[in-house]
Amino acid sequence: MHLTGSSAASLIGAARACEDAGVHSLIASELYTNPFVPLAAVAASTSRIGLGTGIALAFVRSPVALALEALDLDALTGGRFTLGLGTGVKTLNEQWHGVTNFGPPVPHMREVVAFFRQFNATSHLGKPIHFDGQFVKVRMDGYQRPTAPERERIPIHLGANREKMLELAGEVADGVLGHVFVSPRQLRDEVLPAVGRGLAKAGRTRAEFSMAAGITCAIDSDRATARHHARGPLAFYATVRTYEPLFAADGFSAEVATIREAFHSGDKKRAVTLVTDEMVDTYCAAGTPDEVLRKVAEYDGLLDIKGVSAPRHFCPTDAHEAYRARILEVFGNPSTS
């Protein structure tokens, strides 16, 4: 699940509730917050639940700053941290963050991962750290972290949806973080085969790799309300051209075009209503508890970690919090400790 909250107390309360319910892991995303900060806020108040970035933007930090953030969080969590990395889009990197060397995302990400692996394993040894890539250039002499890392190989999961990034994830990463809308068909026919090609390049097996993706879950006895709120995230992502091919692959090109037109004309409410029942059924688990459980079960054998996510876009805050609570009720396995 996503870690949400606007204060230290709310973040800690949410994290403890998820840990007590048996949630596998919490991820913090990067857009309105720096994902490393809320994770640090809850690290000492949890003991079992995994914590990770989902995702941190890989190209907007110096490679050394990124590595230090990850090593610090792995130490704070006692080895429960996973570094989730994503590329972000060109406009965001260059116009928001001032990135001047944004290159083709796949080779750029390959270098970020390779440097991180080197730094993670050797920064405490006092040896020179030199990396001379096309996008990542680091030369560190006389540097030595005073303590050994919690783990010399912190897991890296890549935010990946397209073929080449999925192949890279299979080759160099430990897992994939898929989007909050991915159909079982996409996973079976496109995502897993691409990851498999990357794993084969590296001589690794599927058992050595973690597949995770989001599933928008809206649970309510009033199924019409639940399905309405599930439409919100789909409407939002339909307006982003980067994701157009993902919708098109499931046959929703025409629907996405009408949603985008309504959204950009200023009629956001109508954009949400233009998300069809078929789109909701394809990507979301929305309705009564039994309906949601049946839908989520369709991902069995396809995902190792199911990211059950309450609707956020175009969903009132109180409704979002209610959906989070219902997710814990329906999926939770309360701790006896």
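Residues numbered from 1 in each chain as written. Predicted model: local features only at pLDDT ≥ 70, side-chain atom pairs only at ≥ 80, totals over all residues. Heavy atoms only, no water.

**Digging into the overall build of the protein chain**
Point 1. A count of helices and strands for the protein chain gives 14 helices and eleven strands.
Point 2. When its C-alpha atoms are laid out on the principal axes, the protein chain stretches across 65 × 45 × 40 Å.
Point 3. Burial statistics for the protein chain: of 337 residues in total, 51% are counted as buried.
Point 4. Just so you have it, the protein chain exposes about 15,100 Å², and 53% of that area is on carbon and sulfur atoms. (Helix = DSSP H or I, 4+ residues; strand = E, 2+ residues; numbered from the N terminus. Buried < 20%, exposed > 50% of the residue type's maximum accessible area, 1.4 Å probe, protein only. Areas by Shrake-Rupley, 256 points an atom, 1.4 Å probe, with all protein chains shown as cover.)

**Some details on the pattern of salt bridges**
Point 1. A full pass over the atoms with the stated rule returns 28 salt bridges.
Point 2. With its nearest N and O atoms 3.2 Å apart, the salt bridge here joins Asp 174 to Arg 153. With Asp 174 in the loop between helix 6 (163–172) and strand 8 (175–177) and Arg 153 in the loop between strand 6 (137–140) and strand 7 (156–159), this residue pair connects regions lying 21 residues apart in the sequence.
Point 3. Among the ionic pairs, Glu 163 bridges to Arg 197, the shortest N-O distance being 3.1 Å. Remark: Arg 197 occurs in helix 7 (residues 184–202) and Glu 163 occurs in helix 6; sequence separation between them is 34 residues.
Point 4. Look at the salt bridges and you will find they share partners, linking Glu 163, Lys 164, Glu 167, Arg 197 and Lys 201 into a network. (Salt bridge = Lys/Arg side-chain N within 4 Å of Asp/Glu carboxyl O.)

**Some details on the layout of surface pockets**
Point 1. Reported here for the second largest pocket is a volume of approximately 230 Å³.
Point 2. Around the second largest pocket sit 20 residues that line it, and Asn 161, Arg 162, Glu 190, Val 191 and Leu 246 are the ones nearest its centre.
Point 3. For the lining of the second largest pocket, the secondary structure elements donating two or more residues are helix 6, helix 7 and helix 9 (244–249).
Point 4. In the lining of the second largest pocket, the residues fall into twelve nonpolar, four polar and four charged. (1 Å grid on protein atoms, 1.4 Å probe; cavity = no way out; pocket = protein on both sides within 12 Å on 5 of 7 lines; lining within 4 Å. Points joined across faces, edges and corners; volume = space filled by probe spheres on them. Nonpolar A, V, L, I, M, F, W, Y, C, P; charged D, E, K, R; others polar.)

**Quick notes on the packing of helix 1 (residues 8–20) against helix 2 (residues 36–43)**
Point 1. Two elements in contact, helix 1 and helix 2, have axes whose closest approach is 9 Å; the angle formed by their N-to-C orientations is 70 degrees. Classed by the angle they form, the pair helix 1 and helix 2 counts as roughly perpendicular. Remark: the crossing between helix 1 and helix 2 carries right-handed chirality. Across from Leu 11, Ile 12 and Ala 15 in helix 1, the residues of helix 2 making contact are Pro 38, Ala 41 and Val 42.
Point 2. Counted by class, the contact of helix 1 with helix 2 contains six nonpolar, no polar and no charged residues. (Axes fitted to C-alpha atoms, helices over the stretch in contact; angles between N-to-C directions. Parallel < 35°, antiparallel > 145°, perpendicular 65-115°, else oblique. Left-handed = near helix turned anticlockwise from the far one by under 90°. Contact = heavy atoms within 4.5 Å.)

**Looking at the nonpolar core**
Point 1. Counting residues in hydrophobic clusters, the biggest one holds 100 residues, and the most contacted among them are Leu 83, Leu 85, Met 109, Leu 158, Phe 181, Met 211 and Phe 247.
Point 2. Once residues lying within four places of it in the same chain are set aside, the contact partners of Leu 85 are Ile 55, Ala 56, Ala 58, Leu 66, Met 109, Val 112, Ile 156, His 157, Leu 158 and Gly 159.
Point 3. Counting six residues, the second largest nonpolar core, distinct from the first, contains Ile 55, Leu 92, Leu 177 and Ala 212. (Core = buried A, V, L, I, M, F, W, Y, C linked by side-chain atoms within 4.5 Å.)

**Let's talk about the environment of Ile 55**
Point 1. Position of Ile 55 relative to the elements: it lies in the loop between strand 2 (50–53) and strand 3 (56–57).
Point 2. Along the primary structure Ile 55 and His 157 are separated by 102 residues, whereas in three dimensions their C-alpha atoms are 8.7 Å apart.
Point 3. Setting aside residues no more than four positions away along its own chain, Ile 55 makes contact with Ala 28, Ser 29, Glu 30, Pro 35, Gly 84, Leu 85, Gly 86, Gly 159 and Leu 177.

**Focus: the pairing of strand 2**
Point 1. Burial along strand 2 is two-sided: the face carrying Gly 50 and Gly 52 and the face carrying Leu 51 and Thr 53 are both buried.
Point 2. Of the pairings in the sheet, the one linking strand 1 (residues 25–28) to strand 2 comprises four bridges and is parallel in character. For Ala 28, the partnering residue across the bridge sits in strand 2 and is Thr 53.
Point 3. Where the polypeptide runs from strand 1 across helix 2 and back to strand 2, its parallel neighbour, the crossover connection is right-handed.
Point 4. Sheet topology places strand 2 next to strand 4 (residues 81–86); two bridges connect them, and they run parallel. Bridge pairing in strand 4 links Gly 52 to Thr 82. (Pairing = 2+ DSSP bridges. Right-handed = clockwise from strand over helix to strand, strands pointing away.)

**Notes on the environment of Ser 29**
Point 1. Structurally, Ser 29 is set in the loop between strand 1 and helix 2.
Point 2. The class of Ser 29 is partly exposed, set by a relative accessible area of 34%.
Point 3. Ser 29 sits 268 residues away from Ala 297 along the chain, and the two C-alpha atoms are 25 Å apart.

**Quick notes on the side chain of Glu 19**
Point 1. Take Glu 19: it is sitting in helix 1.
Point 2. Buried charge without a salt bridge: Glu 19, with Arg 48 as the nearest opposite-charge side chain at an N-O distance of 4.2 Å.
Point 3. Apart from the residues within four sequence positions on either side, Glu 19 is in contact with Thr 46, Ser 47, Arg 48 and Ile 49. (Lys, Arg positive; Asp, Glu negative; His and termini not counted.)

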